[in-house]
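Fold and geometry: a report
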Amino acid sequence: MDTPEVLSPSARTLHTLPEGEPDLASVRAWVGALLRDLHEDVQLDVLLVCTELASNAYEHAEGPRALRVQRHIDFIRVEVDDHTPAELPRLGESRLGDSRGRGLILVAQLARCWGTREFTGGKTIWAEINS
């Protein structure tokens, strides 16, 4: 994956996530490079949100999957698409057992807001982090 330029305000970029095993280290490196001029605390919050949303797309949904990052003046919006429209996430619930289901709780605590949006054949999970 090429190192991207710093993402300027009002810019948006897309990364298609690979099928099979997730390469979350590459996702974090890509997003970190896009936002390298932001304060470290903001970068870490965005990286955690990206990791959680991408991990959930691999664990709970079918591909193809994509990650979008959009930078605004005062916040960063992260969106992850998958192609499993019927399974919308629910905060603090996991079909994988009691020791799971905390990722969206972290996202909800770090983000100023988050939500879901369905599209034909899939869904987008999104979160906005103050910058």
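Residues numbered from 1 in each chain as written. Predicted model: local features only at pLDDT ≥ 70, side-chain atom pairs only at ≥ 80, totals over all residues. Heavy atoms only, no water.

Moving on, we get to the packing of helix H1 (residues 24-34) against helix H2 (residues 40-60). Closest axis-to-axis distance for the H1/H2 pair is 10 Å, and the angle between their directions is 145 degrees. Two packed elements cross with a definite hand, and for H1 against H2 that hand is right-handed. Residues Leu24, Arg28, Val31 and Gly32 of H1 lie in contact with H2, whose contacting residues are Gln43, Val46, Leu47, Cys50, Thr51, Ala54 and Ser55. Class assignment of the residues belonging to the contact of H1 with H2 gives a composition of 6 nonpolar, 4 polar and 1 charged. (Axes fitted to C-alpha atoms, helices over the stretch in contact; angles between N-to-C directions. Helix = DSSP H or I, 4+ residues; strand = E, 2+ residues; numbered from the N terminus. Left-handed = near helix turned anticlockwise from the far one by under 90°. Contact = heavy atoms within 4.5 Å. Nonpolar A, V, L, I, M, F, W, Y, C, P; charged D, E, K, R; others polar.)

Here the idea is simple: oppositely charged side chains can pair when their charged atoms come close. Enumeration according to the criterion identifies 9 salt bridges in this entry. We note a salt bridge from Arg68 to Glu79, for which the minimum N-O separation is 2.6 Å. Here Arg68 is found in strand E2 (residues 65-71), whereas its partner Glu79 is found in strand E3 (residues 75-82), with 11 residues between them in sequence. Glu79 carries the same exposure label as Arg68, and that label is buried. Note that Asp81 and Arg68 form a salt bridge whose closest N and O atoms lie 2.5 Å from each other. On the criterion of sequence distance, the pair formed by Asp81 in strand E3 and Arg68 in strand E2 is long-range, its members being 13 residues apart. For Asp81, a relative accessible area of 12% corresponds to the buried category. Taken together, the salt bridges that share partners define one network made up of Arg68, Arg77, Glu79, Asp81, Arg112, Arg117 and Glu128. (Salt bridge = Lys/Arg side-chain N within 4 Å of Asp/Glu carboxyl O. Buried < 20%, exposed > 50% of the residue type's maximum accessible area, 1.4 Å probe, protein only.)

Below, the discussion takes up H1. All buried positions along H1 are accounted for by Leu24, Val27, Trp30, Val31, Gly32, Ala33 and Leu34. Elements in contact with the buried residues of H1: strand E1 (11-17), H2 and E2.

Averaged over every residue, the pLDDT of the chain is 86; the share at 70 or more is 85%. By mean pLDDT, E1 is the weakest element of the chain at 83, and E3 is the strongest at 96. (pLDDT = per-residue confidence, 0-100.)

All right, on to helix H3 (residues 103-110) then. Of all the positions in H3, only Gly103, Leu104 and Val107 are classed as buried. One side of H3 carries all its buried residues, which in axial view fall inside an arc of 90 degrees. Looking at the packing, one finds that the buried side of H3 touches H2, strand E4 (113-119) and strand E5 (122-130). (Arc of directions from axis to C-beta.)

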